[in-house]
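# Secondary and tertiary structure notes
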Amino acid sequence: MLKNNFSQIDVLGAGPAGLGVGYFAKKYGIPVSIFELSNSVGGNSRTISNGEFRYDTGAHRLHNKHSSVTQIVKDLLGEDLKKVNVPSKIYYNQSMIDFPLNFINLLQCLQTSALIKIIKENLLNRIKPKRDIKSFKDLAYQSYGKTLSELFLINYTEKLWGKNSSELDPNISGKRLKNLDFFSIIKSLILGKYNTKHLDGSFLYPKHGFGTIFDELANNIGNENIFLDSKIEKIIHDGKKINQIVYSNGKSFKPGMVVNTLPLTILGNVFDPKPPSHIIECINRIQFRDVRLCILYLNKPKFSSNASLYFPESKFPYNRIYEPKNRSEKMAPQDKTCIVIESAFSRKDRDSMDSAESFYKKIRNSLVCERFIQKKDILGYEIGFISNAYPIIDVGIQKRITPVLSYFNSFDNHILHGRNAEFQYVHTHDLLKSSENLVSEFLRK
Ligand SMILES: Cc1cc2nc3c(=O)[nH]c(=O)nc-3n(C[C@H](O)[C@H](O)[C@H](O)COP(=O)(O)OP(=O)(O)OC[C@H]3O[C@@H](n4cnc5c(N)ncnc54)[C@H](O)[C@@H]3O)c2cc1C
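Below, the structure is looked at part by part. (Residues numbered from 1 in each chain as written. Predicted model: local features only at pLDDT ≥ 70, side-chain atom pairs only at ≥ 80, totals over all residues. Heavy atoms only, no water.)

## Let's talk about the site of the ligand
Inspection of the region around the ligand gives 30 residues, with Glu36, Asn44, His60, Arg61 and Thr428 positioned closest. A distance of 3.0 Å is found between an oxygen atom of the ligand and a side-chain nitrogen or oxygen belonging to Ser45. For the ligand, a nitrogen atom lies 2.9 Å from a polar atom in the backbone of Ile232. Taking 1,000 Å² as the accessible area of the ligand by itself, protein coverage stands at 94%. The two domains that each donate at least three residues to the shell around the ligand are domain 1 (3-45 + 211-286 + 394-443) and domain 3 (288-390). (Near = heavy atom within 4 Å. Polar contact = N/O pair within 3.5 Å; in protein donor to acceptor, adjacent residues only side chain to side chain. Areas by Shrake-Rupley, 256 points an atom, 1.4 Å probe, with all protein chains shown as cover. Domains from an automatic or database assignment.)

If you want it as structure tokens, here you go:
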């Protein structure tokens, strides 16, 4: 028996958060059912196969941040989970710059006057009393000084999130700037090593793609407990408890403990009766950033030697390119490769956006113009979408979101869980860890 006398868990959504809960429920012997809108598991962390090629829905990697989570993934994947050491670069002014930033690299590609300015600003940062960090812009200026921030960080961030960096919460750096500032770059130069605590560069990756982690979680949970093509349509409640869930054109069930991983923006519509108007107003103000993907199949063994390439300049109609084969050689045949080009956009721009063909042509022309590829290298292309890719964590969001989260978590048998339900910029290792905590909490009666 669980908390509040429930005997089972019903999970809405089979992304990493939902599957995480399913996995731990199974582990602790709690009956569990998972209801998923699409015809596959993994949510925004899937691997797609196309003939001899495989690619992930966006550049994913597993960070070894929670040893218990890493151990579970190791147990599930065995030898298929590999440690990968591949650098990432920033493409700026036709030069490749190491990411995390590297002082020698900066010496090579920046003018002396810019370098002097950067050193001066960072020395001043050290001496000046620390200011309150209220926005991403404050965080970047404090870590790198104005000049360096504006050369590589602010522009990339604004392109990715579609907002001025002074309106974005410092947390949108997703811990990328943690342990990193200008002086740590210099220190690493003197000590001759990079800051190994940094998220980029060294990570874990499954031989057949990131999504196989979630396929294995699903296998462990048992496919008979996962209901695909099951769109949640109504969550019927009496103000205290969820009494019925309606899915897939009118099928319904009486739920046990409900773990809801659906994006917050959907919940205002599916809750019946609807949440109070002040909650609906708050929900209407939150936004997600979507990502459009262009996958190019190339008739050459390699595109680059990097895990990811970042494009901060606005002239490029994309923000990041990643090459699956540089994470695992099993992702493409030996003599060919594919690249996944990510371009972030806001939902309001969806109607006015380029057709698939002109989007592809813009990307192709840009890559040809920069001499990354030749037209004749392209074997084919595919266009994809990642909906609700990034919850836009802007300044003041905590204050606006707290009443919404409190409302949905106030029901005896309903809890929000996951990146888009809790509206947090978290990664899958964090989601698996919090899934374990959640299930343990249910067992504490
Ligand atoms: C470009 C990109 C790169 C990323 N890189 C990394 C990385 O390197 N490492 C990392 O750990 N994380 C990374 N992430 C983050 C990771 O993808 C997410 O944290 C993770 O997918 C969130 O899991 P979730 O289960 O909370 O939500 P989701 O993955 O969004 O899953 C929610 C599920 O709910 C389902 N659903 C929605 N509506 C309904 C409905 N009405 N009825 C039933 N089901 C429904 C959806 O179909 C989906 O399967 C990246 C994300 C993006 C976009």
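## Remarks on the sheet that holds strand S15 (residues 288-298)
Taken in spatial order, the seven strands line up as S7-S6-S16-S17-S18-S15-S19 in an open sheet, and their pairing is mixed. Of all strands in the sheet, those with a lone pairing partner are strand S7 (95-99) and strand S19 (378-391), marking the two edges. Strand-to-strand twist of the sheet, defined as the mean angle between neighbouring strand axes without regard to direction, takes the value 25°. Pairing of strand S6 (residues 88-92) with S7 involves five bridges; the strand directions are antiparallel. Counterpart to Tyr91 in the pairing with S7 is Met96. (Pairing = 2+ DSSP bridges. Helix = DSSP H or I, 4+ residues; strand = E, 2+ residues; numbered from the N terminus. Axes fitted to C-alpha atoms, helices over the stretch in contact; angles between N-to-C directions.)

## Details of the pairing of strand S8 (residues 202-206)
Counting buried positions over the five residues of S8 gives four, a clear majority of the element. As paired elements, strand S5 (residues 81-85) and S8 share five bridges and run antiparallel to each other. Residue pairing in the sheet places Lys82 in a bridge with Tyr205 of S8. (Buried < 20%, exposed > 50% of the residue type's maximum accessible area, 1.4 Å probe, protein only.)

## Some points on the pattern of salt bridges
On inspection of all chains with the given rule, the structure shows 18 salt bridges. Salt-bridge contacts for Asp98 lead to Lys89; the nearest nitrogen and oxygen are separated by 3.4 Å. Looking at Lys89, the relative accessible area reads 18%, which means it is buried. Lys163 is the salt-bridge partner of Glu167, the closest N and O atoms lying 3.7 Å from each other. Put simply, Lys163, Glu167, Asp394 and Arg400 are held in one network by salt bridges that share partners. (Salt bridge = Lys/Arg side-chain N within 4 Å of Asp/Glu carboxyl O.)

## Some points on the packing of helix H1 (residues 16-27) against helix H12 (residues 428-443)
Viewed as axis vectors pointing N to C, H1 and H12 meet at an angle of 40°, and their least axial separation amounts to 8 Å. With respect to H12, the axis of H1 lies oblique. As H1 packs across H12, the resulting crossing turns out to be right-handed. Of H12, the residues touching H1 (which contributes Pro16, Ala17, Gly20, Val21, Phe24 and Ala25) are Thr428, Leu431, Leu432, Ser435, Glu436, Leu438 and Val439. (Parallel < 35°, antiparallel > 145°, perpendicular 65-115°, else oblique. Left-handed = near helix turned anticlockwise from the far one by under 90°. Contact = heavy atoms within 4.5 Å.)

## Describing the packing of aromatic side chains
Taken as a whole and assessed by the stated rule, the structure comprises 29 aromatic pairs. An aromatic cluster is present here, built from Tyr91, Phe303, Phe311, Phe316, Tyr318 and Phe372 joined pairwise through their rings. Over the face of the ring belonging to Phe203 we find Arg61, whose NZ or CZ atom lies 5.9 Å from the ring centre. Sitting over the ring of Phe385, Arg350 keeps its end group 5.3 Å from the ring centre. (Phe/Tyr/Trp six-rings, centres within 6.5 Å; stacked < 30°, edge-to-face > 60°. Lys NZ or Arg CZ within 6 Å of the ring centre and 35° of its normal.)

## Observations regarding the side chain of Arg289
The residue Arg289 is located in strand S15 in this model. It is Asp349 that comes nearest to the buried, bridge-free Arg289 among opposite-charge side chains, at 5.2 Å. At 3.0 Å, the side chain of Arg289 forms a polar contact with the backbone oxygen of Lys159. The contact partners of Arg289, leaving out residues within four places of it in the chain, are Lys159, Leu160, Trp161, Gly162, Ala344, Phe345, Ser346, Asn388, Ala389, Tyr390 and Ile392. (Lys, Arg positive; Asp, Glu negative; His and termini not counted.)

Everything listed here is a matter of geometry and, on its own, says nothing about what the molecule does.
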